[in-house]
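Per-entry structural report
Residue-level listing of the chains:
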Amino acid sequence: MNPTTRVIFGKRNIIDTEIGIFNRASKSIDTCMTYTRPSLAVSLRPIRDAFLAAKKKGVRLRYITEINHHNFEDCKVLLSIVHELRHLDGVKTNFMISEGEYLAPLVQDKSEAIASEHIYSDTTQIVEHGHCIFDTLWSKSIPAEERIKQILDGAVPRETKIVNNQDEIMKHIIHLSEVSSGLSVVSNQGHMKLTYNGFLELFMKILEKQRRGETKGIRWIMRIEKDSVNVVKKFLRLGVEIRHVKNLAPINFAVSKHGLIATVEEKNGGGIVQNLLASNEGSYIKHFSSMFEQLWKEGIDARYRIKDIEEKVGIAEIEIIRNPVDSIARGWDMVRSARKEVNIMFSSTNALKRQIEMGALPLLKKASERQNVGVRILLPSSDKSDQIIEQIRSNVPKIDIRTVSTSLETKITIILVDSKKCLILELQDDKQNTSYDAVGLSTYSISPTIVSSYLAVFESFWRHAELFEKMKDVEKLQKDFINMAAHELRNPIQPILGFSELLYPKIVNQEQRRLLDEVILNARRLERLAIIMLDVTRIENNSLVLTKEIVDIGKVVRDIVESYNRKLEENAKKLLVIHDGMKSINTTVDKVRMTQVICNILDNAVSFSHEGKIRVILKKEEQDGQTFLTIGVKDMGRGIDQEISSKLFTKFASKSDMGTGLGLFISKGIVEAHGGKIWAENNADRGATFSFSLPLKT
């Protein structure tokens, strides 16, 4: 084909042409781009893949750009993609050349990520001219590593300035939008309308990158009123996240990790701002980002706000109450005003106790008995909850009070009255004696959306409380059954074992002896099961009795290790148990129970290890002025399954089909009865280590 020089139209065609140059290149590809373009090489998958494919087949890749704090992160990635990356101040041109082809934008339009018109040529003179220009620029550039070091050392100037020139203002707005990996905006409705009319294309690019998973998108905070609903809806449809905040400071700003622009001008439509604060200094960015995040937490989802406006809910549907005295007074007034129902979910048992001490019971009694208001209270289960519930029921019989599992305990108290009002009180310090000192920020609302949302939460917890109470009844029945079964099993087991052992020497027939062996074996299994069940019952009832004596725990461990090694040798297992650490140490423990703990842990280690060494490690440790003996068992098995790691020492926690799943639960009870603690963790390489510590008297 004859050499050609032509104009290529359309971004898709331009990308295809660029990829074609990469595919056809056999020696080198040189690229010179302005500072906004490295993000394309990193974020556009077709371009990035083309770079990597060319590099893989041996094409030398060189790249010149201006490296600054805006594209710093992208250039660090680009450094790993190309062979050589260099920095040159003030690069104003974009082009790429291979050994035989040239491609460059026809118009250098900074507002476009990829220009819609490019000039392409494979004419020798144009390609050689491009190489000449590139080599000249290359000779004036510095290695990217050197430039990156300058940035890290703070050598790249950071500045904060007031911009008055319209062109400069436009430049800063466009620049922040182009380089942002996510944008956070606070403005009035005038600035949102200005953005929609004048800068929508810039925002669309950020949102398009978000859809490709390349940016965090756009979050926007503003005060949403009736006259701003339409423009807010337009931005919501585009994918912008928007929240309503009632009280905003008179400042409008947009901030990203790369920079900040801000103005105090009120824009009520038409024209760009006249003054702009622009900064790339970290302290400014951090301050405004922190301000945004705090406002975002306090904001209301725009969809809920719009719904309330369209349903003509009053402006004062939400109120932030910062004074705890006012918060508690508002809660009591809500209860007094109740006509149908009062639903309260307390953050803790102490929160309810503090309110009782302030006189809440007479108030609730009047509401439930004189005003015939239905009162429901939810309370996290605790050691004190049963006592407080009994106190409430004896004083206010009509109150329906239930407990929820402590796993569902929250840091807020919720008061809901007549499905119309709600008060959310933050628990700041549960150790305080008075509610005024314990309560933090509070939120009062009459918004139907907010009230119904919290009512749904309350109803969900209420249903959970019903299940929780049923579970407690089932658990009590289970404990009673286990206790009864454990005692009842022991009664017939002893005669079975006794008579079988008496009968055994009198039987000569080998087949009959084998059958009797099975009877004795299974009777002993039942005996062990009964002992385990009794241990579980004693631990749960806090009635585990320890017979303590001074014991050389090192000798106990050595004896156990020798016993296990004999068994492993008999079974021809490629396992070895090693005693490591201290050889002798005297301590006061229940020797039988401590042997039970070590054997339980070793049984697990042997079960889950097929070869290698199991180490039993003894050592002394100091913690908060107290000396502890720590015993660890390190195996080389498959490690702790993530599904049961959080409930490892609870009843029936096991992924194995063998055993009862009670060994570690019993071990935990024995160790804690000695004043110690037990834990487990996976090893860095393989296997797991189970450890427990016991306090040593000094």
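Because the structure is a prediction, the values reported are computed rather than measured.

Scoring rules and cut-offs
Residues numbered from 1 in each chain as written. Predicted model: local features only at pLDDT ≥ 70, side-chain atom pairs only at ≥ 80, totals over all residues. Heavy atoms only, no water. Helix = DSSP H or I, 4+ residues; strand = E, 2+ residues; numbered from the N terminus. Rg over C-alpha atoms; globule rule 2.2 N^0.38 Å. Buried < 20%, exposed > 50% of the residue type's maximum accessible area, 1.4 Å probe, protein only. Contact = heavy atoms within 4.5 Å. Areas by Shrake-Rupley, 256 points an atom, 1.4 Å probe, with all protein chains shown as cover. Lys, Arg positive; Asp, Glu negative; His and termini not counted. Charge placed at Lys NZ, Arg CZ, Asp CG, Glu CD. Salt bridge = Lys/Arg side-chain N within 4 Å of Asp/Glu carboxyl O. Pairing = 2+ DSSP bridges. Core = buried A, V, L, I, M, F, W, Y, C linked by side-chain atoms within 4.5 Å. Axes fitted to C-alpha atoms, helices over the stretch in contact; angles between N-to-C directions. Polar contact = N/O pair within 3.5 Å; in protein donor to acceptor, adjacent residues only side chain to side chain. pLDDT = per-residue confidence, 0-100. Patch = residues over 30% accessible without salt bridge, like charges linked within 9 Å, V, L, I, M, F, W, Y side chains within 5 Å. Arc of directions from axis to C-beta. Parallel < 35°, antiparallel > 145°, perpendicular 65-115°, else oblique. Left-handed = near helix turned anticlockwise from the far one by under 90°. Nonpolar A, V, L, I, M, F, W, Y, C, P; charged D, E, K, R; others polar.

What about the overall build of the protein chain?
Per the secondary structure count, the protein chain includes 22 helices and 30 strands. Rg of the C-alpha trace for the protein chain: 37 Å, well past the compact-globule value of 26 Å for 698 residues, more than 25% over. Seen along its three principal axes, the alpha-carbon backbone of the protein chain occupies a region of about 110 × 80 × 50 Å. Here the protein chain, with 698 residues, has 46% of them falling under the buried criterion. The contacts of the protein chain with a sequence gap of at least 6 include a subset with a gap of at least 24, amounting to 73%. Accessible surface for the protein chain amounts to roughly 37000 Å². Of this, 52% is attributable to carbon and sulfur atoms. Looking at the protein chain, you have 100 positive and 90 negative side-chain charges, and the mean spots of the two groups are 2 Å apart.

A few points about the pattern of salt bridges
Inspection of the entire model under this criterion finds 18 salt bridges. A salt bridge links Arg 219 to Glu 293; the nearest nitrogen and oxygen atoms lie 2.4 Å apart. With a gap of 74 residues between them, Arg 219 in strand E11 (residues 218-222) and Glu 293 in helix H11 (residues 282-298) connect regions that are remote in the sequence. Taken together, the salt bridges that share partners define one network made up of Asp 30, Arg 62 and Asp 135.

A short note on the pairing of strand E2 (residues 28-32)
In terms of burial, E2 is a largely internal element, 5 of the 5 residues being buried. Here E2 shows no split at all, with Ser 28, Asp 30 and Cys 32 on one side and Ile 29 and Thr 31 on the other all buried. Examined bridge by bridge, E2 and strand E3 (residues 60-65) share 5 bridges and lie parallel to one another. Each residue of the ladder has a partner; that of Ile 29, found in E3, is Leu 61. Pairing of E2 with strand E5 (residues 95-98) involves 4 bridges; the strand directions are antiparallel. Of the residues in E5, the one forming a bridge with Thr 31 is Met 96.

So, the nonpolar core
Formed by 44 residues in total, the largest nonpolar core has its most connected members in Ile 553, Leu 602, Val 616 and Phe 692. Among the secondary structure elements, those contributing two or more residues to this core are helix H19 (510-540), helix H20 (553-570), strand E25 (574-581), helix H21 (591-607), strand E27 (611-623), strand E28 (626-634), helix H22 (663-673) and strand E30 (688-696). Look past the residues within four positions of Val 616 in its chain and what remains in contact with it is Val 557, Val 561, Val 577, Ile 578, His 579, Asp 580, Leu 602, Ile 631, Gly 632 and Val 633. Within the second largest apolar cluster, 34 residues are counted, among which are Leu 40, Leu 44, Ala 144 and Ile 151.

Here we look at the sheet that holds E5
On the basis of which strands lie adjacent, the open sheet formed by 8 strands has the order E1-E7-E6-E5-E2-E3-E4-E8 and mixed pairing. What marks the edges here is a single partner per strand, and that holds for strand E1 (5-9) and strand E8 (142-143). Of the pairings in the sheet, the one linking E3 to strand E4 (residues 84-87) comprises 4 bridges and is parallel in character. Across the sheet, Thr 65 pairs through a bridge with His 87, a residue of E4. Against the sheet, helix H5 (residues 124-140) contacts E1, E2, E3, E4, E5, strand E6 (102-105), strand E7 (117-121) and E8, and its axis sits at roughly 115 degrees relative to E5.

Some thoughts on the side chain of Thr 413
Structurally, Thr 413 is set in strand E21 (residues 412-417). By relative accessible area, Thr 413 is classed as buried at 9%. A distance of 3.1 Å separates a polar side-chain atom of Thr 413 from the backbone nitrogen of Ser 347. With sequence-adjacent residues up to four places away left out, Thr 413 is seen in contact with Ile 344, Met 345, Phe 346, Ser 347, Ala 351, Leu 423, Ile 424 and Leu 425.

Examining the confidence of the model for the protein chain
Averaged over every residue, the pLDDT of the protein chain is 84; residues scoring 70 or more account for 90%. Across the protein chain, the secondary-structure element scoring lowest on mean pLDDT is helix H7 (residues 166-179), at 70, and the one scoring highest is E3, at 95.

Some words on a nonpolar patch on the surface
A surface patch of nonpolar side chains, amounting to about 350 Å² of accessible area, comprises Val 7, Phe 9, Leu 106 and Val 107. By the secondary structure assignment, Val 7 is in strand E1.

Some points on the side chain of His 674
Mapped onto the fold, His 674 is located in the loop between H22 and strand E29 (677-682). Residue His 674 is classed as buried on the basis of its relative accessible area of 7%. Here the side chain of His 674 touches Asp 590 through a polar contact of 3.1 Å, landing on its backbone nitrogen. At 2.9 Å, the side chain of His 674 forms a polar contact with the backbone oxygen of Ile 670.

Focus on the pairing of E5
Along E5, one buried face is formed by Phe 95 and Ile 97 and the opposite face, lined by Met 96 and Ser 98, is buried too. Sheet analysis places E5 next to E6, joined by 2 bridges and oriented antiparallel. From the neighbouring strand, Ile 97 faces E6, where its bridge partner is Tyr 102.

Regarding helix H15 (residues 360-370)
The set of residues buried in H15 consists of Ala 360, Leu 361, Leu 363, Leu 364, Ala 367 and Ser 368. Down the axis of H15, the buried side of the element spans an arc of 160 degrees, and every buried residue falls inside it. Relative to its buried face, H15 has exposed residues pointing more than 90 degrees away, namely Pro 362 and Arg 370. Where H15 is buried, its residues touch helix H13 (324-337), strand E18 (341-345), helix H14 (349-357), strand E19 (374-380) and helix H16 (385-395). A positive phi of about 55 degrees marks Asn 372, the residue just after H15.

Here's the deal with the packing of H20 against H21
At a minimum axis distance of 11 Å, the contact between H20 and H21 shows a crossing angle of 40 degrees. Relative to H21, the element H20 is oriented oblique. Helix-helix and strand crossings are classified by hand; for H20 and H21 the assignment is right-handed. Residues Ile 553, Val 556, Val 557, Ile 560, Tyr 564 and Leu 568 of H20 pack against Lys 591, Met 594, Thr 595, Ile 598, Cys 599, Leu 602, Asp 603 and Val 606 of H21. Residue composition of the contact of H20 with H21, grouped by class: 11 nonpolar, 1 polar and 2 charged.

A closer look at the environment of Met 334
Checked against the element boundaries, Met 334 lands in helix H13. Judged by relative accessible area, which is 2%, Met 334 ranks as buried. The sequence separation of Met 334 and Leu 576 amounts to 242 residues, and the corresponding C-alpha distance is 70 Å. In contact with Met 334, not counting residues within four places along its chain, are Ile 415, Val 417, Lys 421, Cys 422, Leu 423 and Tyr 444.

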